[in-house]
Amino acid sequence: MTPNNTYTLVDPNNGNLAFRIFAFEDNSHFDHIQRLNYYSIIWMKQGIGKVKVDFSDYDFVEGNMVALTPYQPFMLFDFKGNEGIVLNFHADFFCIYNHQIEVACNGVLFNNIYEQPYFQVDN
């Protein structure tokens, strides 16, 4: 996937974002605090920077992935040589609202209050 390629699926019932994936090479998409109404997974394929999640700052380096829940405040800053991929999806896309018990969104990726909001992805 190259930068400027964005693939989006819109919910035909309400016109809202259902699913989106895009590549980035700088923090222009993330240069201010955001509170999106969908889940986001951001993978830093290359480079370094910082991620602010819930008003705490963390180093964000090559191979890190951050998973964010709807309305969770975040931003990326101090980028150097960055390249990455963003995956956004609405809870309706994954049927989370209807199946919260089965999905159990408090775990490895989302809402784990005992760990840092990111993890390292290896080869």
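This section reports on the structure supplied with the text. (Residues numbered from 1 in each chain as written. Predicted model: local features only at pLDDT ≥ 70, side-chain atom pairs only at ≥ 80, totals over all residues. Heavy atoms only, no water.)

## Overview of the pattern of salt bridges
Stage number 1. Per the counting criterion, the structure on display carries 3 salt bridges.
Stage number 2. Between Glu-83 and Lys-45 there is a salt bridge; the shortest N-O distance is 3.5 Å. One end of the pair, Glu-83, is in strand E6 (residues 74-89); the other, Lys-45, is in strand E3 (residues 39-53), with 38 residues separating them in the sequence.
Stage number 3. Residue class for Glu-83 comes out partly exposed when judged on its relative accessible area of 25%.
Stage number 4. A salt bridge links Asp-59 to Lys-50, with the nearest nitrogen and oxygen atoms 2.7 Å apart.
Stage number 5. Under the relative-accessibility criterion, Asp-59 is labelled partly exposed at 47%. (Salt bridge = Lys/Arg side-chain N within 4 Å of Asp/Glu carboxyl O. Helix = DSSP H or I, 4+ residues; strand = E, 2+ residues; numbered from the N terminus. Buried < 20%, exposed > 50% of the residue type's maximum accessible area, 1.4 Å probe, protein only.)

## Brief notes about the packing of aromatic side chains
Stage number 1. By the definition in use, this model includes 5 aromatic pairs.
Stage number 2. Between Phe-24 and Phe-79 the ring centres are 6.1 Å apart and the planes differ by 40°, which places this aromatic pair in the tilted class. Here the residue Phe-24 occupies a position in strand E2 (residues 17-24), and Phe-79 occupies one in strand E6, the gap between them amounting to 55 residues. Each of the two residues, Phe-24 as well as Phe-79, counts as buried.
Stage number 3. Grouping aromatic residues by their ring pairs yields a cluster made of Phe-24, Phe-30, Phe-74 and Phe-79. (Phe/Tyr/Trp six-rings, centres within 6.5 Å; stacked < 30°, edge-to-face > 60°.)

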